[in-house]
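So you can see what is in the structure, the chains are spelled out below.
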Amino acid sequence: MTSPTQTPAHPCAGCGASVAFAPGTAVLRCPYCGYEQRIAAPTRQIREHSFDAFLAKPRVQTLAPHQFTCPGCGARTESDALSRACQFCGTPLVADTSGGAQIAPEAVVPFGLNRNGARSSLRAWVRSRWFAPTRLKRVTEAEAMKSTYLPHWTFDAGTVSHYVGQRGRHHWTKESYVNHNGQNATRNVRKTIWRPASGTVSRFFDDVLVRATTRVSPEQLDKLKPWPLERAVPFDPNWVSGHYSLRYDIEPQGGMELAKAVMYQVIESDCRRDIGGDVQRVHRVDTRYADVAFKLVLLPVWIGNYVFGGKTYQVLINGVSGEVQGDRPFSALKITIAALIAIVLVSSVVWLYLSKNP
């Protein structure tokens, strides 16, 4: 897992305490006196950056002055604090003075779901776990739920793909056979005639979104989609003030490979559509990528850890939609009871059938 970073705090003009971005608003709010300061409208547009230019000279920027490495899970974090606990595993963070240059985030999708909204989503998720232990139903908030911005890459690219495959055409023929009564009969049988096929397809991809961290389960992270990228705003430290920001550990080169895998699924569908026929085989696809551009975008996730039965479980909540994904314990007793009930029901159906058909 990887460590979060909490961005530098801003002093409250009312009482001097630290203010933080209030999810679902466009203001910085003081948790003590309630003073609000509106976040200024952006003065620039979100931009994509040339991938080739990055390979020559990457753009760098740090989010906060202090860097941390979690000795428990390996997460790396930036923060204005000197120490804090890792919200991924609860281990105290250790200051890391070796930190490397990081590419600056270009955009951020601000939190739309506040802590109360995250609690409500978590409660609904807990109630829907059929085979969860009964005591889990009393969990109404993760023991260490943190609002965290997770890093993602987006990629734009023009693609031209040459494919080689086969086009299949179905046709029906009559076939003779001997049926179960020993009589000669005929039936229609579908057969496929395959012909070589090749061609070229092209497509422009815009904002292909891929993860930029290995510290969160990719399966759970994918299930938090879709993300409203249309709500993204140009990065401004105010939007992440008072929240954690996870540093990326998948470099843009690795992100591009993930994006290519996403693009390939679409390109293969384009190839099959171009081949036509009733069914298709795609043997090889050679793709050229041009005008590749990328950016780093921060997406809002509530990350919660809770302890149950001596084991720590993690839950992720989409900070806009409230979608919940995560680990949970299973009740062996409930599973056993459900299995026994199923056996009884099946046995009853079989008994009824046999009694009516002796």
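Please refer to the structure placed before this passage.
Residues numbered from 1 in each chain as written. Predicted model: local features only at pLDDT ≥ 70, side-chain atom pairs only at ≥ 80, totals over all residues. Heavy atoms only, no water.

Q: Pulling in residues and values, what's your account of the overall build of the protein chain?
A: Summing up its helical and strand segments, the protein chain has 6 helices and 16 strands in all. With 358 residues in all, the protein chain has 42% of them scored as buried. Only carbon and sulfur atoms are counted for the fraction: they give 53% of the accessible area of the protein chain, which is about 19,000 Å². (Helix = DSSP H or I, 4+ residues; strand = E, 2+ residues; numbered from the N terminus. Buried < 20%, exposed > 50% of the residue type's maximum accessible area, 1.4 Å probe, protein only. Areas by Shrake-Rupley, 256 points an atom, 1.4 Å probe, with all protein chains shown as cover.)

Q: Give me the nonpolar core: which residues, what numbers.
A: Counting 28 residues, the largest nonpolar core has Phe21, Val108, Trp125, Tyr149, Trp302, Val315 and Ile317 as its most contacted members. Taken together, the elements giving at least two residues each to this core come down to strand 2 (18-21), helix 2 (115-127), helix 4 (237-240), strand 14 (279-308) and strand 15 (311-318). Among all residues touching tryptophan 302, those that are not within four sequence positions of it are Phe111, Leu113, Asn114, Arg115, Ala118, Met145, Lys146, Ser147, Val315, Leu316, Ile317 and Gly319. (Core = buried A, V, L, I, M, F, W, Y, C linked by side-chain atoms within 4.5 Å. Contact = heavy atoms within 4.5 Å.)

Q: Describe the packing of aromatic side chains, naming the residues involved and giving the relevant values.
A: One pass over the full model with this rule turns up 10 aromatic pairs. Members of the aromatic cluster, joined through ring pairs, are Phe51, Phe54, Trp153, Phe155, Tyr248 and Phe294. One residue, arginine 187, lies across the ring of tyrosine 177, its end atom 4.2 Å from the ring centre. A cation over an aromatic ring shows up here: arginine 281 above the ring of tryptophan 194, its NZ or CZ 3.7 Å from the ring centre. (Phe/Tyr/Trp six-rings, centres within 6.5 Å; stacked < 30°, edge-to-face > 60°. Lys NZ or Arg CZ within 6 Å of the ring centre and 35° of its normal.)

Q: Help me get a handle on the pattern of salt bridges, residues and values and all.
A: For the structure on display, the rule yields 13 salt bridges. Between arginine 215 and aspartate 249 there is a salt bridge, with the nearest N and O atoms lying 2.9 Å from each other. Of this pair, arginine 215 sits in the loop between strand 11 (184-211) and helix 3 (218-223) while aspartate 249 sits in the loop between strand 13 (244-245) and helix 5 (252-275), and the two are 34 residues apart along the sequence. A relative accessible area of 28% places aspartate 249 in the partly exposed class. (Salt bridge = Lys/Arg side-chain N within 4 Å of Asp/Glu carboxyl O.)

Read these as layout, nothing more, since geometry by itself doesn't imply function.
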